[in-house]
Amino acid sequence: MAAVGSTAPPNDYGMVASIDGCELRVLTSTRVKLIFSQVSMKLTPLRLANVPPPMALHTVVLERPALDVAVSKSGSRLAVLSDNDLAVYALDMISRPIPKPTLLWRSDAIRTHCPRHVVFVADEQIFVLVDSWEEDVSTLWRSENEKLILQGPFVDAEAVSSLLTTMDYTRLCAQGQNGALHEIDLAATARGAFSQTSLVHKFPSLASEVKIIAHGEQVCSGKLSRDLATDQTSS
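Analysis parameters
- Residues numbered from 1 in each chain as written.
- Predicted model: local features only at pLDDT ≥ 70, side-chain atom pairs only at ≥ 80, totals over all residues.
- Heavy atoms only, no water.
- Salt bridge = Lys/Arg side-chain N within 4 Å of Asp/Glu carboxyl O.
- Helix = DSSP H or I, 4+ residues; strand = E, 2+ residues; numbered from the N terminus.
- Buried < 20%, exposed > 50% of the residue type's maximum accessible area, 1.4 Å probe, protein only.
- Pairing = 2+ DSSP bridges.
- Axes fitted to C-alpha atoms, helices over the stretch in contact; angles between N-to-C directions.
- 1 Å grid on protein atoms, 1.4 Å probe; cavity = no way out; pocket = protein on both sides within 12 Å on 5 of 7 lines; lining within 4 Å.
- Points joined across faces, edges and corners; volume = space filled by probe spheres on them.
- Nonpolar A, V, L, I, M, F, W, Y, C, P; charged D, E, K, R; others polar.
- pLDDT = per-residue confidence, 0-100.
- Contact = heavy atoms within 4.5 Å.
- Core = buried A, V, L, I, M, F, W, Y, C linked by side-chain atoms within 4.5 Å.

Engineer: Let's hear about the pattern of salt bridges: which residues, and what values?
Structural biologist: One pass over the structure, following the stated rule, counts 11 salt bridges. The partner of Glu63 in a salt bridge is Arg106, with the nearest N and O atoms 3.8 Å apart. Here the residue Glu63 occupies a position in the loop between β4 (58-62) and β5 (66-71), and Arg106 occupies one in strand β8 (residues 102-107), the gap between them amounting to 43 residues. Taking relative accessible area as the criterion, Arg106 reaches 32% and is therefore assigned partly exposed. Taking the shortest distance from any N to any O, the salt bridge between Arg106 and Asp85 comes out at 3.2 Å. Of this pair, Arg106 sits in strand β8 while Asp85 sits in the loop between β6 (77-82) and β7 (86-90), and the two are 21 residues apart along the sequence. A relative accessible area of 6% places Asp85 in the buried class.

Structure below.
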């Protein structure tokens, strides 16, 4: 699992955040015994520190296995989502040498739910896609004053699979399992209303990777498919 930061100047630090887990097990005469288990997050801004994988500039030990990771627009914030909580770290891309990230806040408001995805809008707004153990419904949660609060279910968007932001980190979208891409009304979200959505595009099927560009009032999206990547490589 890995997340990348902004690719647009002046925030194109080439930040890559990857999750790494390791275990050490010893076979005894009666059973296999777990001696050591650790989950860590490896961070490398490739523009500033050319450290090749599997090494990294900084390694942060996590308390719980991560489900998803997100980097903010300027690369100054990092969000790590687990099955129990959301942890937000501060990153300093200005100081030299680049210091280790520091924990800013943590919220376990989603501990009784099934969190799946986390994204940033700009640098401070964090949104989390959460499923329910009891109902077949997905809900949107957002950060406010270092807490996670429930925004509510999605309106006019069925079976939401993932959250995405435009490449300038200004607008929020949700992709359904049927390939439908909806934009979420952030103005309504700020007023505390349910997650109002409007259809932007309909892919033939669920896209594993989508890039979204905001152009004025319009949102343009593109899907990277295996066929497209193959054609570009061979041409």
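That shown, we press on.
Engineer: Give me the pairing of strand β13 (residues 160-165): which residues, what numbers.
Structural biologist: For β13, the tally of buried residues reaches five of six residues, placing the bulk of the element in the interior. Sheet analysis places β13 next to strand β14 (residues 172-176), joined by five bridges and oriented antiparallel. If you follow Leu163 over to β14, its bridge partner there is Ala174. With antiparallel pairing between neighbouring strands as the criterion, β13 and β14 make up a hairpin whose turn holds six residues, including Tyr169 at a positive phi of roughly 60 degrees.

Engineer: Summarise the sheet that holds strand β12 (residues 148-155); cite the residues concerned and give the values.
Structural biologist: Sheets are built from strands that pair by backbone hydrogen bonding, the pairs being arranged parallel or antiparallel. The strand order across the open sheet formed by eight strands is β9-β10-β11-β12-β16-β15-β14-β13, and the pairing between neighbours is mixed. Because the sheet does not close on itself, it has two edges, and the strands there are β9 (114-121) and β13. Taken pair by pair, the neighbouring strands of this sheet meet at an average axis angle of 35 degrees, ignoring direction. Where strand β10 (residues 125-131) and strand β11 (residues 138-143) come together, five bridges link them in antiparallel fashion. Looking at β11, one finds that Val128 is bridged to Trp141.

Engineer: Requested: an account of empty space enclosed by the protein, with residues and values cited.
Structural biologist: By the definition in use, this model includes one cavity of 30 Å³ or more. Here the largest cavity is characterised by a volume of approximately 50 Å³. Met15, Leu43, Pro45, Leu57, His58, Leu91, Asp92, Met93, Ile98, Pro99 and Pro101 are the residues that line the largest cavity.

Engineer: Help me get a handle on unusual backbone geometry, residues and values and all.
Structural biologist: Omega for the bond connecting Pro9 with Pro10 falls within 30 degrees of zero, at 5 degrees, which places this linkage in the cis form. By secondary structure assignment, the location of Pro10 is in the loop between β1 (2-4) and β2 (15-27). Following Arg96, the chain continues to Pro97 via a peptide bond in cis, the omega torsion being 0 degrees. If you trace the backbone, Pro97 turns up in the loop between β7 and β8.

Engineer: Talk me through the sheet that holds β6; I want residue IDs and the actual numbers.
Structural biologist: If you walk across this open sheet you meet the four strands as β5-β6-β7-β8, and the pairing is antiparallel. What marks the edges here is a single partner per strand, and that holds for β5 and β8. For this sheet, the mean angle separating the axes of adjacent strands, direction not counted, is 20 degrees.

Engineer: Can you explain the layout of surface pockets? Please cite residues and give values.
Structural biologist: Vacant regions in the atomic arrangement are exposed by a probe of water-molecule size rolled over the atoms. Roughly 780 Å³ of internal volume is contained in the largest pocket. Lining the largest pocket are 29 residues; nearest its centre among them are Val4, His117, Leu163, Val210 and Lys211. Looking at the lining of the largest pocket, the element that brings in the most residues is β13, giving five residues. A per-class count over the lining of the largest pocket returns 16 nonpolar, 10 polar and three charged. A volume near 210 Å³ is recorded for the second largest pocket. What lines the second largest pocket is a set of 14 residues, and nearest its centre among them are Asp136, Val137, Ser138, Ala159 and Val160.

Engineer: Hey, could you go over the confidence of the model for the protein chain for me, with residue numbers and the actual values?
Structural biologist: Per-residue confidence for the protein chain gives a mean pLDDT of 83; residues scoring 70 or more make up 83%. When mean pLDDT is taken per element in the protein chain, β7 scores highest with 97 and helix α2 (residues 226-234) scores lowest with 33. Long-range and interchain partners of residues 224-235, a stretch whose pLDDT sits below 50, account for three contacts in this model, where long-range means more than four residues apart.

Engineer: Go over the nonpolar core, please, and point to the residues and values.
Structural biologist: One recurring pattern in soluble globular proteins: nonpolar side chains tend to sit buried together. Grouped together as the largest cluster of nonpolar side chains are 20 residues, with contacts concentrated most on Ile19, Met41, Leu43, Leu62, Val69, Leu78 and Tyr89. Where this core is concerned, the elements lending two or more residues are β2, β3 (32-45), β4, β5, β6 and β7. Residue contacts for Tyr89: discarding those within four places in its chain leaves Met41, Val60, Leu62, Ser76, Arg77, Leu78, Val80, Pro101, Thr102, Leu103, Leu104 and Arg106. Formed by 15 residues, the second largest nonpolar core is a distinct cluster that contains Leu81, Leu86, Val128 and Trp141.

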